Amino acid sequence: MHVLRPQFRIEEQRALAFAAERGFGVIVAADARGPRGSHVPFVLARRDDRVIVQIHLTAKNPLVELADGVRRFLLIVAGDDAYVSNDWYASRDNVSTWLYEAVHLSGVAHLRERDQTRAHGDALLAVSEARLPKQPWDLTQMDPTKRETMLASICVIDLVVDEIEGQSKLNQHKSDEDHVAVANQLARAEETGSRRLAKKMRALRPGLGYEP
């Protein structure tokens, strides 16, 4: 097992900062039937020189019983990605490809006690709401009975990270001319991930009062 040092390397620090900024990923573990995965928001924290990724799942999720303090979990945090056409390059005979950024965080998963759900909910909301240009919403604004019912239906898992892997493909090995040509093409794109999701949501329920 790889044990992280108290002082992380620069590339590890960058990978952790990337993951913390994204705050959403895919958690994966394997049982006798094979890999299991769930898309999850998460909170990244430091405890006693350790990196902890804290997530929550519904009690019925098969990953919950796998968080036994022994089994290893993998969190995949994906960033932006983009297709690059071969005729975008300044030079000839390049191959079309995808550019992307991602971070893999892995370690042993531990199921937390039920009394940890409220603290997890508060921490997750604080981080997520801070990303929005509005007054933060928190659990105190929810009906107490409904809030406690909701908190009782989830399980909190700590992933104690002992391996950090950053992955980035941004045409690092291309010439300056090719690098500039591709970057200029990508900079002309108008769509973002949020806009793409909004477009798909509108297509699912057409004819409603959407903003132009």
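Residues numbered from 1 in each chain as written. Predicted model: local features only at pLDDT ≥ 70, side-chain atom pairs only at ≥ 80, totals over all residues. Heavy atoms only, no water.

Undergrad: Would you mind showing me how to read the pattern of salt bridges here?
TA: Oppositely charged side chains are able to pair whenever their charged atoms sit close together. On inspection of all chains with the given rule, the structure shows 11 salt bridges. With a shortest N-O distance of 2.7 Å, Glu11 and Arg9 are connected by a salt bridge. On the basis of relative accessible area, Glu11 is assigned to the partly exposed category, the value being 46%. Arg71 is the salt-bridge partner of Asp68, the closest N and O atoms lying 3.8 Å from each other. In this structure Asp68 comes out as partly exposed when scored by relative accessible area, which is 42%. Connected through salt bridges with shared partners, the residues Arg9, Glu11 and Glu12 form a single ionic network. (Salt bridge = Lys/Arg side-chain N within 4 Å of Asp/Glu carboxyl O. Buried < 20%, exposed > 50% of the residue type's maximum accessible area, 1.4 Å probe, protein only.)

Undergrad: Hey, could you run me through the layout of surface pockets in this one?
TA: To find the voids left in a structure, one rolls a probe of water-molecule size over its atoms. Empty space within the largest pocket amounts to approximately 860 Å³. Forming the boundary of the largest pocket are 19 residues, of which Asp80, Asp81, Thr192, Gly193 and Arg196 lie nearest the centre. Counting residues per element, the ones that place at least two in the lining of the largest pocket are strand E5 (68-84), strand E6 (97-111), helix H4 (176-187) and helix H5 (193-204). At 5 residues, H5 tops the list of elements feeding residues into the lining of the largest pocket. In this structure, the second largest pocket occupies an estimated 250 Å³ of space. If you trace the second largest pocket, you find 14 residues lining it, with Glu11, Arg14, Ala15, Gly166 and Gln167 closest to the centre. When contributions to the lining of the second largest pocket are tallied by element, the ones reaching two or more residues are helix H1 (10-22), E6 and strand E7 (154-169). Taken together, the residues that form the lining of the second largest pocket break down as 5 nonpolar, 3 polar and 6 charged. (1 Å grid on protein atoms, 1.4 Å probe; cavity = no way out; pocket = protein on both sides within 12 Å on 5 of 7 lines; lining within 4 Å. Points joined across faces, edges and corners; volume = space filled by probe spheres on them. Helix = DSSP H or I, 4+ residues; strand = E, 2+ residues; numbered from the N terminus. Nonpolar A, V, L, I, M, F, W, Y, C, P; charged D, E, K, R; others polar.)

Undergrad: How should the packing of aromatic side chains be read in this particular structure?
TA: Between two aromatic rings, the relevant description is the distance of the centres plus the angle of the planes. For the structure on display, the rule yields 1 aromatic pair. Seen from the ring of Tyr89, Lys174 lies directly overhead, with NZ or CZ sitting 5.1 Å from the centre. (Phe/Tyr/Trp six-rings, centres within 6.5 Å; stacked < 30°, edge-to-face > 60°. Lys NZ or Arg CZ within 6 Å of the ring centre and 35° of its normal.)

Undergrad: Any chance you could explain unusual backbone geometry here in plain terms?
TA: Keep in mind that most residues, glycine aside, have a negative phi and that most peptide bonds are trans. Positive phi outside glycine occurs at Asp49, with the angle close to 65°. Within the secondary structure layout, Asp49 lies in the loop between strand E3 (43-47) and strand E4 (50-58). Phi is positive for Asn171, which is not a glycine, with a value near 60°. Secondary-structure assignment places Asn171 in the loop between E7 and H4.

Undergrad: Mind showing me how you'd approach the environment of Lys146 here?
TA: Relative to the elements of secondary structure, Lys146 occurs in helix H3 (residues 144-152). On the accessibility criterion, Lys146 (56% relative accessible area) is exposed. When the C-alpha atoms of Lys146 and Arg36 are compared, they prove to be 30 Å apart, with 110 residues separating the residues in sequence.

Purely geometric numbers; function is a separate question.
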